[in-house]
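Examining the three-dimensional arrangement
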Amino acid sequence: MQNVTQQTHNTSPYDTLLTKSLSAADYVSTHDAMLARTLERIALKKEQGLRTPDELWIVDHNDVYTLGQAGKEEHILQRTDTPIIKTDRGGQVTWHGHGQLVVYWLFDLDSIGWSVRNLVSHAEQAIEDVVNNCLQNSSSSISDNISAHARRDAPGVYLYADTDTDAQAQNTSLDDKIMLGKIASLGFKIKHGFSYHGIALNINCDLSAFNAINPCGYAGMQMLRLADFLTIQKEPEVQTAQHIHNSLSYEQVTQKLIDNIAKRHAGLIELRAIAPK
């Protein structure tokens, strides 16, 4: 059963950003709808000169493995009951499922003045901002000296541990940190200047699904989730007041990320300089 809700946010006097939430979403029908909407927007712009609102689709997928356009099946290590779908995004093989936050970016890049590199960097930096905010405000000692960073050599966002516990350690080079693993993946498709597909952030999903693949084509890549570094709220009926006070919910993390992306779309958050390789 797929549930859909949508809402329009005014991000500036001149722009609107439509958000759409889908729960228990099957991959093929969601992808087909996303592609159809993108093609419709392209046609409206080319044929009528109309600029349509950009969209964020916030998706809770049913379990699925997806293989990117140039994906190699050799990265699928074990066949399970989970469907394997070939798709048209960039990148290799990954998993989507419950407890993982997927956000699809249906943006008209030319209209907002973004290059493809800008899109990727905004996506990575939005995830960095939100994950680091969650870690820094956590009451759990597990998150001490842990920070999220993108890498120039491998798309996505990774968690690192500081080898130096000094307060300035956050500003040290990644060469001086220990990489723990990957917490978020990304893969986009660009068609006539319009983007679709997007990002996947592991919040409180079951990571064992990644054991059947080389995630994103990297053999031995350790996948991580936010719930292993801070408390993610349990189901309402088993919560306590103390538990709620010291935790975040899946929905709160989602809202933090959507707010950050919306501000970037409106030009209110600028890109940080990208460190050299």
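Residues numbered from 1 in each chain as written. Predicted model: local features only at pLDDT ≥ 70, side-chain atom pairs only at ≥ 80, totals over all residues. Heavy atoms only, no water.

1. So, the overall build of the chain
Inclusion rule: Runs of E in the DSSP output that reach at least two residues are strands. Runs of H or I that reach at least four are helices, and both are numbered from the N terminus. Residue contacts follow a heavy-atom distance rule, with two residues in contact if any of their heavy atoms lie within 4.5 Å. For the accessible areas, the method is Shrake-Rupley and the probe is 1.4 Å, while residue cover comes only from the protein chains on display.
Of the regular secondary structure elements, the chain holds five helices and 11 strands. Within the chain, residue pairs in contact and separated by at least 24 positions form 64% of the contacts whose partners lie at least 6 positions apart. On the chain, roughly 13400 Å² of surface is accessible, and the fraction owed to carbon and sulfur atoms is 49%.

2. Describing helix 1 (residues 27-48)
Each full turn of the α-helix corresponds to 3.6 residues, which orients residues three or four apart in the same direction. Threshold: For a helix, the expected span equals 1.5 Å multiplied by the residue count minus one. We call a residue buried when its accessible area falls under 20% of the maximum for its residue type, exposed when it is over 50%, and partly exposed in between, using a 1.4 Å probe and counting protein chains only. Note: the arc covers the axis-to-C-beta directions of the helix.
Taking 1.5 Å per residue, 22 residues should reach 32 Å; helix 1 reaches 31 Å between its end C-alpha atoms and fits that length. Along helix 1, the positions that sit buried rather than exposed are Tyr27, Thr30, His31, Met34, Arg37, Thr38, Arg41, Ile42 and Leu44. Considered in projection along helix 1, the buried side chains sweep an arc of 160° and stay on one side of the axis. Exposed side chains of helix 1 directed beyond 90 degrees from the buried face belong to Lys46, Glu47 and Gln48. A positive backbone phi angle near 70° is found at Gly49, which sits one or two residues after helix 1.

3. Describing the environment of Lys234
With respect to the helices, strands and loops of the structure, Lys234 is situated in the loop between strand 11 (194-202) and helix 4 (241-245). For Lys234, a relative accessible area of 53% gives the class exposed. As a C-alpha pair, Lys234 and Tyr250 span 16 residues in sequence and 9.3 Å in three-dimensional space.

4. Details of the pattern of salt bridges
Side chains that carry opposite charge are capable of pairing whenever their charged atoms lie near each other. Here is the rule we go by: For this analysis, a salt bridge means a side-chain nitrogen from Lys or Arg found within 4 Å of a carboxyl oxygen belonging to Asp or Glu.
Going through the model one piece at a time under the given rule, you end up with 13 salt bridges. The partner of Glu55 in a salt bridge is Arg37, and the shortest N-O contact between them spans 2.8 Å. Remark: Arg37 occurs in helix 1 and Glu55 occurs in strand 3 (residues 54-61); sequence separation between them is 18 residues. The pair Glu55 / Arg37 is uniform in exposure class, with both members buried. Put simply, Glu128, Asp129, Arg264 and Arg272 are held in one network by salt bridges that share partners.

5. What to know about the pairing of strand 10 (residues 177-191)
What counts here: Note on pairing: two strands pair once DSSP finds at least 2 bridges between them.
Pairing of strand 9 (residues 157-162) with strand 10, which is carried by six bridges, proceeds in the antiparallel orientation. From the neighbouring strand, Val157 faces strand 10, where its bridge partner is Ala184. Once strand 10 ends, the chain turns through two residues before running back antiparallel as strand 11, passing His192 with a positive phi of about 50°.

6. Concerning unusual backbone geometry
You will see that His192, though not glycine, has its phi angle at about 50°, which is positive. Summarising the element assignment, His192 is placed in the loop between strand 10 and strand 11. Phi at Cys216 is positive, roughly 60°, even though this residue is not glycine. Looking at the secondary structure, you find Cys216 in the loop between strand 11 and helix 4. The class for Cys216 is buried, based on a relative accessible area of 18%.

7. Re the sheet that holds strand 4 (residues 64-67)
The cut-off we apply is this: Fitted lines through C-alpha atoms give the axes, limited to the stretch in contact for helices. The angle between two N-to-C directions lies from 0 to 180 degrees.
Ordered by their spatial adjacency, three strands build an open sheet running 5-4-6, and the pairing between neighbours is mixed. Either end of the sheet is taken by a strand with one partner, and the two such strands are strand 5 (84-86) and strand 6 (93-96). Going from strand to strand, the sheet's axes swing by 30° on average, the running direction of each strand aside. Where strand 4 lies against strand 6, four bridges are found, and the strand directions are antiparallel. Among the inter-strand pairings, Tyr65 is bridged to a residue of strand 6, identified as Trp95.

8. Brief notes about the packing of aromatic side chains
Convention followed: Aromatic rings from Phe, Tyr and Trp, taking only the six-membered ring of Trp, are treated as a pair when their centres fall within 6.5 Å; an angle between ring planes under 30 degrees marks them as stacked, one over 60 as edge-to-face, and anything in between as tilted. Charge-over-ring placement is defined geometrically: NZ (Lys) or CZ (Arg) within 6 Å of the ring centre, and within 35 degrees of the ring normal.
Under the definition given, this model contains four aromatic pairs. With a centroid separation of 6.0 Å and 90° between ring planes, the pair formed by Trp105 and Phe188 is classed as edge-to-face. One end of the pair, Trp105, is in strand 7 (residues 100-106); the other, Phe188, is in strand 10, with 83 residues separating them in the sequence. In this structure Trp105 comes out as buried when scored by relative accessible area, which is 0%. Of the residues examined, Phe188 reaches a relative accessible area of 12% and is grouped as buried. Three or more aromatic residues joined by ring pairs form one cluster here, namely Trp105, Phe107, Trp114 and Phe188. Geometry around Trp57 places Lys20 over its ring, the cationic atom sitting 4.1 Å from the centre. In this structure, Arg151 is placed above the aromatic ring of Tyr158, and the distance from its NZ or CZ to the ring centre is 4.8 Å.

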